[in-house]
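Tertiary structure, described
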Amino acid sequence: MKNLVKRFVNDESGATAIEYGLIAAGIAVAIIGAVNLIGSTLNTKFTSINTELKK
């Protein structure tokens with residue numbers, strides 16, 4: 001039983017999975033932010049082009 005507890009305490013494989021999950025979440029947030037920023041800019045640009053074409 002003592003050996004089992006010792007192995008459980010020394011096992012770091014779960015910590016690695018959590019770290020990879022946090023890295024993936026951070027990358028996802030960065031991508032979403034970039035897409036929102038670029039999407040707003042493109043929407044403004046296409047709106048101005050549309051306005052100029054209607055004249």
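Refer to the structure above for everything that follows.
One structure accompanies this document, and this report is about it.

What to know about the overall build of the protein chain
For the protein chain, the helix and strand inventory stands at 2 helices and 0 strands. Computed over the C-alpha atoms, the radius of gyration of the protein chain is 24 Å, more than 25% above the 10 Å expected from 2.2 N^0.38 for a compact globule of 55 residues. With the C-alpha coordinates aligned to their principal axes, the bounding extent of the protein chain is approximately 80 × 10 × 5 Å. Here the protein chain holds 55 residues, and the buried ones make up 0% of them. Taking the average place of the 6 positive charges on the side chains of the protein chain and the average place of its 4 negative ones, the gap between the two points comes to 6 Å.

Regarding a nonpolar patch on the surface
A grouping of Met1, Leu4, Val5, Phe8 and Val9 is seen on the molecular surface, where their side chains present a nonpolar patch of about 620 Å² in accessible area. Within the secondary structure layout, Phe8 lies in helix H1 (residues 2-10). Classification of Phe8 by relative accessible area gives exposed; the value is 67%.

Points about the environment of Thr47
Residue placement: Thr47 occurs in helix H2 (residues 13-54). Along the chain, Thr47 and Ala30 lie 17 residues apart, while their C-alpha atoms are 26 Å from each other.

Basis of the calculations
- Residues numbered from 1 in each chain as written.
- Predicted model: local features only at pLDDT ≥ 70, side-chain atom pairs only at ≥ 80, totals over all residues.
- Heavy atoms only, no water.
- Helix = DSSP H or I, 4+ residues; strand = E, 2+ residues; numbered from the N terminus.
- Rg over C-alpha atoms; globule rule 2.2 N^0.38 Å.
- Buried < 20%, exposed > 50% of the residue type's maximum accessible area, 1.4 Å probe, protein only.
- Lys, Arg positive; Asp, Glu negative; His and termini not counted.
- Charge placed at Lys NZ, Arg CZ, Asp CG, Glu CD.
- Patch = residues over 30% accessible without salt bridge, like charges linked within 9 Å, V, L, I, M, F, W, Y side chains within 5 Å.
- Areas by Shrake-Rupley, 256 points an atom, 1.4 Å probe, with all protein chains shown as cover.
- Salt bridge = Lys/Arg side-chain N within 4 Å of Asp/Glu carboxyl O.

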